[in-house]
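What follows is each chain in one-letter form.
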Amino acid sequence: MHGFRFRETARAGLPDMLGALDALDMPLTLLSGDAQPSVAAFAHSNAIPSHRGGAAPHDKLSFLRTAMEADKKPLMLGDGINDAPALKAAYVSISFAGATEVAQVAADVVLVKPDLTLVPRTIQVARAARDLIGQNLTFSAVYNIVTVPLALAGYLSPLVAAILMSSSSIVVLANGLRLRVPE
């Protein structure tokens, strides 16, 4: 994970983001092209246990590929031109609206403001959306397994089948509306 400019003070929300990622059981590795001493100092002052300075774009790519080969699904956070290859290669990548255009284009998600607390919130929303999609797919499969054979066998009139079909779409839509953005 990368995206912090060490010459600046820590972005607002960094402690909250780190705590939330820990609560989500997401290990963090800070990869930066900055010199190792400044990266180590920044990591130490922010309780980031795993870090690597002097990382060129190909080093970041190698790190991500190694993680994916170990069946991990790394998330890359980046904002610079040198982050673009890793943002593109990561399982999921996030950048900010204030990042370089290349980083924004390479990222899967572009957050509208450079607020680090949006990163764990984005992960929570994505997980909740994935769960709702799974529920909707399960409901649709069960619905089709039950109603299609009944309709084909003539046990359902065309009017009842049409009402059931519309009802199933409404149920799926209503279930999707349950998605809430965490505060």
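Residue positions are given per chain, counting from 1 as you read along its sequence in written order. Reporting of local features is limited, given that this is a predicted model, to residues whose pLDDT is at least 70; pairs of side-chain atoms are given and counted only at 80 or more, and all residues count toward the totals for whole chains, interfaces and linings. Hydrogens are left out, water is left out, and the side-chain values use all remaining heavy atoms of the structure.

Participant: For this particular structure, what's the right way to read a nonpolar patch on the surface?
Facilitator: Residues Val 142, Ile 145, Val 146, Leu 150 and Tyr 155 make up a contiguous nonpolar surface patch of about 520 Å² in total accessible area. Structurally, the position occupied by Tyr 155 is in the loop between helix H6 (118-152) and helix H7 (158-176). Tyr 155 gets classed as exposed once you look at its relative accessible area, which sits at 66%. Patches in this entry comprise residues that are over 30% relatively accessible and not in a salt bridge; like charges within 9 Å are linked, as are nonpolar side chains (Val, Leu, Ile, Met, Phe, Trp, Tyr) within 5 Å. Note on areas: Shrake-Rupley, 1.4 Å probe, and residue coverage restricted to the protein chains presented here. By definition here, a salt bridge exists when the distance from a side-chain nitrogen of Lys or Arg to a carboxyl oxygen of Asp or Glu is within 4 Å. In this description a helix means any DSSP run of H or I spanning at least four residues, a strand means any run of E spanning at least two, and both kinds are numbered starting from the N terminus. Only protein chains enter the calculation, and the probe is 1.4 Å; a residue is then buried if its accessible area is under 20% of its type maximum, exposed if over 50%, and partly exposed in between.

Participant: What exactly am I supposed to notice about the environment of Asp 131 here?
Facilitator: The residue Asp 131 is located in helix H6 in this model. C-alpha of Asp 131 to C-alpha of Leu 179: the two residues are 48 residues apart in sequence and 9.6 Å apart in space.

Participant: Please explain helix H3 (residues 57-69) as it appears in this structure.
Facilitator: Because the α-helix completes a turn every 3.6 residues, residues three or four places apart line up on one side. Helix span, expected: 1.5 Å multiplied by one less than the number of residues in the helix. In this model H3 runs 18 Å from its N-terminal to its C-terminal C-alpha over 13 residues, within 8% of the 18 Å that 1.5 Å per residue would give. For H3, the complete set of buried residues consists of Lys 60, Leu 61, Leu 64 and Ala 67. Viewed end-on, H3 has its buried residues packed into an arc of 125°, placing them on one side of the element. Within H3, the exposed residues directed more than 90 degrees away from the buried face are His 58 and Glu 69. Only heavy atoms matter for contacts: two residues are in contact if any of them lie within 4.5 Å across the pair. Buried residues along H3 sit in contact with strand E1 (29-31), strand E3 (75-77) and helix H4 (84-89). Taken from the residues just after H3, Asp 71 is the one with a positive phi, measuring 60°. Of all possible arcs, the one meant is that of the directions from the helix axis to the C-beta atoms.

Participant: What exactly am I supposed to notice about the packing of helix H1 (residues 14-23) against H6 here?
Facilitator: Packed helices, taken two at a time, are described by the angle between their axes plus the distance between the axes. Orientation is described by lines fitted to C-alpha atoms, with helices fitted over the stretch in contact, and by angles between N-to-C directions that extend from 0 to 180 degrees. Running from N to C, H1 and H6 point in directions that differ by 30°, and their axes come no closer than 8 Å. Regarding the angle of H1 to H6, the classification is roughly parallel. Contact residues: H1 offers Met 17, Ala 20 and Leu 21, while H6 offers Val 119, Pro 120 and Ile 123. As a working rule, the residues Ala, Val, Leu, Ile, Met, Phe, Trp, Tyr, Cys and Pro are called nonpolar, Asp, Glu, Lys and Arg charged, and the rest polar, with Gly in that last group. By residue class, the composition of the contact of H1 with H6 is six nonpolar, no polar and no charged. With respect to orientation, any angle under 35 degrees is reported as roughly parallel, any angle over 145 as roughly antiparallel, any angle of 65 to 115 as roughly perpendicular, and every other angle as oblique.

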